[in-house]
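# Observations on the model geometry
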Amino acid sequence: MKTIVITGISGILGSALGRLYIRKGWHVIGVSRKDAVEDSTCFSELHTNAQDTEEDARKLLDFKPDIIVLNAGQIETEVGKDGLPLLDQYNSITKVNYLFPSWVSIQAAEMEHSRPLDIIAIGSIADGSPSCFGPIYHASKIALHYFVSGVGPIAYYAAEKNVRIRLYRPGAIKGPLAWAPVNRVNEAGYKIRAKRVNSAPNGDHVARVIVKWIESGNPVGTYDEPFSFKIFKYLFALAPNFFYRLQMLGWLKGSKFV
């Protein structure tokens, strides 16, 4: 029986992935920062892991899995004065979204493996269009994307082709966390976000797409991007000064703090 480790097992996407792999006959090791998870149908066994240190990262590798899905993530659920990021959230978001996945990946590449290991980092579709409405989340996910693209090839050969670090960039998934950015937006921005969230696919659909991509072997997968995301991505890459000024205008027009 093959084994998969899924972090963030209590979340919408993590639980959907867990249930899908159980139906496929896999042994699913669910990992959560919480001591208890209500839905026990999404894992074969549950392990609590703070995902806070390099030792916590090594514990995932001790399970000798065939696949590790680094799905746990954090968003800015609170903001400070004038909409500024909170320092404690900055540290926590950066660690969960970027540092912990990188620790797992590096340590995996340093180990000897008797069989191939796939490490799947769950990123964000917003990797190419950072936003003043979710700056720390976006920065942490962009760092993760750059890490996978830069370190993945090194790790592959360092581990004698037995470790593949791969990246999947999902879009918005229907659920309460998709609403988090509204803590910085005004009424006009709220309406824009509502349209995006209400049209988002559910976790089960996204999980099926991700599993199909995992089985394809491709190093990077991306959910369908809205046209507006593509435009912002190209502006950020090709016209950074214009993009920055556009963010200034966006904050002026869409923020409830101005």
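For the structure, check the block above.
Now for a description of the structure that goes with this document. Here the structure is a predicted model, which means the values were calculated and not measured.

Parameters and conventions
- Residues numbered from 1 in each chain as written.
- Predicted model: local features only at pLDDT ≥ 70, side-chain atom pairs only at ≥ 80, totals over all residues.
- Heavy atoms only, no water.
- Axes fitted to C-alpha atoms, helices over the stretch in contact; angles between N-to-C directions.
- Helix = DSSP H or I, 4+ residues; strand = E, 2+ residues; numbered from the N terminus.
- Parallel < 35°, antiparallel > 145°, perpendicular 65-115°, else oblique.
- Left-handed = near helix turned anticlockwise from the far one by under 90°.
- Contact = heavy atoms within 4.5 Å.
- Nonpolar A, V, L, I, M, F, W, Y, C, P; charged D, E, K, R; others polar.
- Polar contact = N/O pair within 3.5 Å; in protein donor to acceptor, adjacent residues only side chain to side chain.
- Salt bridge = Lys/Arg side-chain N within 4 Å of Asp/Glu carboxyl O.
- Buried < 20%, exposed > 50% of the residue type's maximum accessible area, 1.4 Å probe, protein only.
- Pairing = 2+ DSSP bridges.
- Right-handed = clockwise from strand over helix to strand, strands pointing away.

Where helix α1 (residues 12–23) contacts helix α6 (residues 203–216), the axes come no closer than 8 Å and their chain directions differ by 60 degrees. Regarding the angle of α1 to α6, the classification is oblique. Remark: the crossing between α1 and α6 carries right-handed chirality. In this structure, α1 contributes Ile 12, Leu 13, Ala 16, Leu 17, Arg 19, Leu 20 and Tyr 21 to the contact, and α6 contributes Gly 203, Asp 204, Val 206, Ala 207, Arg 208, Ile 210, Val 211 and Ile 214. Considering only residue class, the contact of α1 with α6 consists of 11 nonpolar, 1 polar and 3 charged.

Mapped onto the elements of the fold, Asp 66 is located in the loop between α2 (54–61) and β4 (67–70). Among the polar contacts listed, one links the side chain of Asp 66 to the side chain of Arg 115, at a separation of 2.8 Å. If near-sequence neighbours (up to four positions away) are discounted, Asp 66 is found in contact with Lys 2, Thr 3, Trp 26, Arg 115, Pro 116, Leu 117 and Asp 118.

The next point concerns unusual backbone geometry. Of note in the backbone geometry, Asp 82 takes a positive phi value of approximately 65 degrees without being a glycine. Within the secondary structure, Asp 82 is located in the loop between β4 and α3 (87–110). The phi dihedral of Glu 160 falls on the positive side, at around 55 degrees, and the residue is not glycine.

We now examine the pattern of salt bridges. Taken as a whole and judged by the stated rule, the model has 10 salt bridges. With a shortest N-O distance of 3.3 Å, Asp 204 and Arg 19 are connected by a salt bridge. Of this pair, Asp 204 sits in helix α6 while Arg 19 sits in helix α1; the two residues are 185 residues apart in sequence, bridging distant segments of the chain. Among the residues examined, Arg 19 registers a relative accessible area of 23% and is labelled partly exposed. With its nearest N and O atoms 2.9 Å apart, the salt bridge here joins Glu 76 to Arg 184. Pair noted here: Glu 76 is in the loop between β4 and α3 and Arg 184 is in the loop between β6 (163–169) and α5 (187–198), with a separation of 108 residues, a long-range link. The residues Glu 76 and Arg 184 share a single accessibility class, namely buried. Three or more residues are tied together by salt bridges with common partners; here these are Arg 19, Asp 39 and Asp 204.

Among the 5 residues in strand β1 (residues 3–7), 5 count as buried, and that is most of the element. Here β1 shows no split at all, with Thr 3, Val 5 and Thr 7 on one side and Ile 4 and Ile 6 on the other all buried. Where β1 lies against strand β2 (residues 27–32), 5 bridges are found, and the strand directions are parallel. Bridged to Thr 3 within β2 is His 27. Considered for its hand, the β-α-β crossover made up of β1, α1 and β2 is right-handed. Pairing of β1 with β4 involves 3 bridges; the strand directions are parallel. Considered in β4, the bridge of Ile 6 is made with Val 69.

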